[in-house]
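# Structure assessment
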Amino acid sequence: MAQRGHQMDSEKLSCSICLDLLKDPVTTSCGHSYCMDCIKTHWDGEDMKSIYSCPQCREIFTPRPVLEKNFMLAELVEELKKTGLQAAAADHCYAGPEDVACDVCTGRKRKSVKSCLRCMISYCEQHLQPHYDAPPLKKHQLVEPSKNLQENICSRHDEVMKIFCRTDQRLICYLCTMDEHKGHETVPAAAERMKKQKELEVSRLNIQQRIQDKEKDEKLLQQEVKAINVDAEKTVEDSEKMFAQMIHLIQKRGQDVEQQIRSQQETEVSRVKELQEKLKQEIRDLKRKDAELKQLSDTPDHTQFLHNYPSVSALSESKPSSSINIHPLKHFEEVTAAVKELRDKLQDILRDTWTNMSMTGTQPDVPPSDSQPEPKTRAGFLKYSQQITLDPNTAHRYLLLSEGNRKVALTNQPQPYPDHPDRFTECWQVLSKESLTGRCYWEVEWRGVRGVEVAVAHKNISRKGRSDECRFGLNDKSWAIRCYTDRQTFLHNRMETPLSGRRSSSIGIYLDHRAGILSFYSVSKTMTLLHRVQTTFIQPLHAGFCLWYRDNTVEVIKLK
C-alpha cells in the first residue's frame, strides 16, 4: 500500500509533457505545473502564432507569462527522489510495439486509453483529461485506441472523411463531393452506417437462424452416433453370444466325435487283443508240443521211441495267420473324412456369409488360401464364365433392355417401368441382377461414338439424384472403364487414369472376389490387359453399364 502511495505521488509530481519528475517546476496561472524547460520549449513552438496555452486545459495566456520556480514543488520532488522511486508510472503504462502510443506525449510515450474521432488523435490517460473537463471537448466522439485513425483522413485533401459515396461505395471528405465525386449519390457516413447496420442485423439473424438449424442437425447427428454406438454394442454382444453358442455346439459335436472315436477304438482294441490272446495260446501249445517232440527225439531207447511216437507226433489243426486282417491307420478314415467335409462346408458358409455383410471398413478373417493365379488365355478365362442379365428394377427409365435383358440402349422415350427403390433416378445406368462373388468372367460389346462406361459396383451404391455417390467411377463403391472411339480411361473414387492398352469394342472383365482382383481386358484375337485393381471387396459386386448418348448400346456376350 505504501509503494502504491509513492507511485501516486510520483504521478502527481510528474510533468505532463516529458512525464518525468518535475525539474525546476513552474506553475501557470491556471494551476498546472511543468518543468521550466518543457513549458518554455512548448511555448517557443507556439511563439509564431503569438498564442500561449496550457497543454492540459488549453487556457490561453496573453501576453506570454513570466515563469518563476515553484520552490514548494521543488522540495517535494527532492523528498520523493530520496525514496528511490522513479517519477514515471510503472513500465506497463508506457506504449510497447503492439500498443497505440499517445500522440501528445513527448519523449517516452504512454499507452493511449482513447482515440478521438474529431481530433483524429490518440490520448493517454493524462492527456485525455481535458476531453472530460472542457465542455467543447466533451462533444468529441471517443473510441478505443486505434492505430488506423489515418484511414479516416482523405489522402487527397487531408480532411476527415465523413461522407459515404454510394455510387463508388467508399468514404470521402466534403471536398471530394466538389470534384471527382460531384453528382454522385452521397450521404453522411452515419446514415450509411445506420443502413448497413440494419443489413448487418438481418445478416446476423440469418446466420443465427442457420446456426440454430446446424445445431439441431448436430444434435440429430449426435443422437445418430449414440444410436449407432448402442446398436453396435448390442450387435457385438449378440454376435458374441451367438458365436459362443456356435463354439459350444462345435465343441459339443467335437466331444461327441471324440466319444465315438474312443468307443470305436475300444471295440477295435478289444477285438485285436482277443485275437492276440488266441495267438499267444496257440504259441504256448506249439512250444509245448515242440518240447515233447524234442524229448521224443532225444530218447535213446529205440523201443521206447517207437512206442511213444504215435501219440506224441500227432498235431492238432491250427488256423492260418492269414485269417487275421490288419488295416493300419485305416480304422478312422471315415470319421476323418466326415470331419474334414464339415470343416470345408463351415469355412465356405463363413466366407459367403461374411461376404454378404454390408459392413463397410471390415474385411473377412478367412484368408484367400485357395486363390489361384489369373488366367493367361481367353480359354482360361472362359472356365469362369458367368451369366449376366440386367435388372429392370435398377434401369433408368430412358434405358431400354432387350435380348433377354442382356442388351441396353438409350432411348428418346421413357419406358413404363414401375416405381422401385433400386432404380437409378437421374443417371442413365443399370446394374446386373446377379451378385458376383468367387471367380467370375464376362464379356461385353459396346457400340456408338463415345460415352459408354463398363462398370462393377457394390449393390448399395446410391440411386437417387446425379451426385458423385450415384455415378459409376466417381465414388469408392464402383470401378469403371470409360470407352471412347479414340481412347479409354479408368475411373474410381473420382480419380481418372488414362489407359494405353489396345482399344476394342469388346471388353472382358475378370473378378476374383476373394483375392480382391478386378481386371479389365481388351478382347480380340488376344487378351490385352487394360487395367487391374488389387483391393479388398467387402460386399458382392454387380456388373453395371452407363450410356451417355442415344446412339450407344451395350450388350453382354453369350459365352460358349
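This one's a predicted model, so the numbers in the text were calculated from it and none came from an experiment. Throughout, residues of each chain are indexed from 1 in the direction in which the sequence is written. Only residues with pLDDT of at least 70 get local features here, since the model is predicted, and only at 80 or more are side-chain atom pairs given and counted; chain-wide, interface and lining totals rely on the full set of residues. Neither water nor hydrogens contribute to the side-chain values; these are computed over all heavy atoms in the structure.

## Details of the overall build of the protein chain
- Looking only at helices and strands, the protein chain features nine helices and 23 strands.
- Classification of residues uses two cut-offs on accessible area relative to the type maximum, computed with a 1.4 Å probe and protein chains only: under 20% is buried, over 50% is exposed, and between them is partly exposed. Sorting the 560 residues of the protein chain into buried and exposed places 31% on the buried side.
- Only heavy atoms enter the contact rule, under which two residues are in contact if any of them lie within 4.5 Å. Put simply, 55% of the contacts in the protein chain that link residues at least 6 apart link residues at least 24 apart.
- Every accessible area reported is derived by Shrake-Rupley at a probe size of 1.4 Å, with residue values counting cover from the shown protein chains alone. Total accessible area on the protein chain stands at roughly 36,500 Å², and carbon and sulfur atoms take up 53% of it. Helix and strand definitions follow DSSP, with helices as H or I runs of at least four residues and strands as E runs of at least two, each counted in order from the N terminus.

## Some points on unusual backbone geometry
- For the bond from threonine 62 to proline 63, the omega torsion is -5°, close enough to zero to count as cis.
- You can see proline 63 is positioned in the loop between β4 (60-61) and α3 (71-82).
- The phi torsion at methionine 120 lies on the positive side, around 60°, for a residue other than glycine.
- Position of methionine 120 among the secondary structure elements: in the loop between β5 (114-116) and β6 (121-123).
- Judged by relative accessible area, methionine 120 falls into the buried class, the value being 10%.
- Even without being glycine, asparagine 493 reaches a positive phi, approximately 55°.

## Digging into the sheet that holds strand β18 (residues 495-499)
- We call two strands paired when DSSP finds no fewer than two bridges between them. Pairing within the open sheet is antiparallel, and its six strands lie in the order β13-β22-β15-β16-β17-β18. With partners counted over all chains shown, the strands left at the sheet margins are β13 (429-431) and β18, one partner each. Each strand of the sheet is rotated relative to its neighbour by a mean of 20°, with strand direction disregarded.
- In this structure, strand β15 (residues 452-458) lies alongside strand β22 (residues 541-547), joined through seven bridges in antiparallel fashion. For valine 456, the partnering residue across the bridge sits in β22 and is alanine 543. Fitted lines through C-alpha atoms give the axes, limited to the stretch in contact for helices. The angle between two N-to-C directions lies from 0 to 180 degrees.

## Concerning a nonpolar patch on the surface
- To count toward a patch, a residue needs a relative accessible area over 30% and no salt bridge; like charges are then connected within 9 Å, while nonpolar side chains (Val, Leu, Ile, Met, Phe, Trp, Tyr) are connected within 5 Å. Between Lys or Arg on one side and Asp or Glu on the other, a salt bridge is scored when a side-chain nitrogen of the former is within 4 Å of a carboxyl oxygen of the latter. A surface patch of nonpolar side chains, about 630 Å² in accessible area, is lined by Met242, Phe243, Met246, Ile247, Ile250, Leu346 and Leu350.
- Ranked by residue count, the leading element in the nonpolar patch is helix α6 (residues 189-297), at five residues.
- Topologically, methionine 242 is positioned in helix α6.

## Remarks on the confidence of the model for the protein chain
- Confidence scores here are pLDDT values: one per residue, from the predictor, ranging 0 to 100. Here the protein chain shows a mean pLDDT of 84. Residues at 70 or above account for 88%.
- Put simply, helix α1 (residues 2-12) is where the protein chain has its lowest mean pLDDT, 55, and β13 is where it has its highest, 96.
- Below pLDDT 50 for its whole length, residues 86-90 participates in 11 contacts with residues either more than four positions away or in separate chains.

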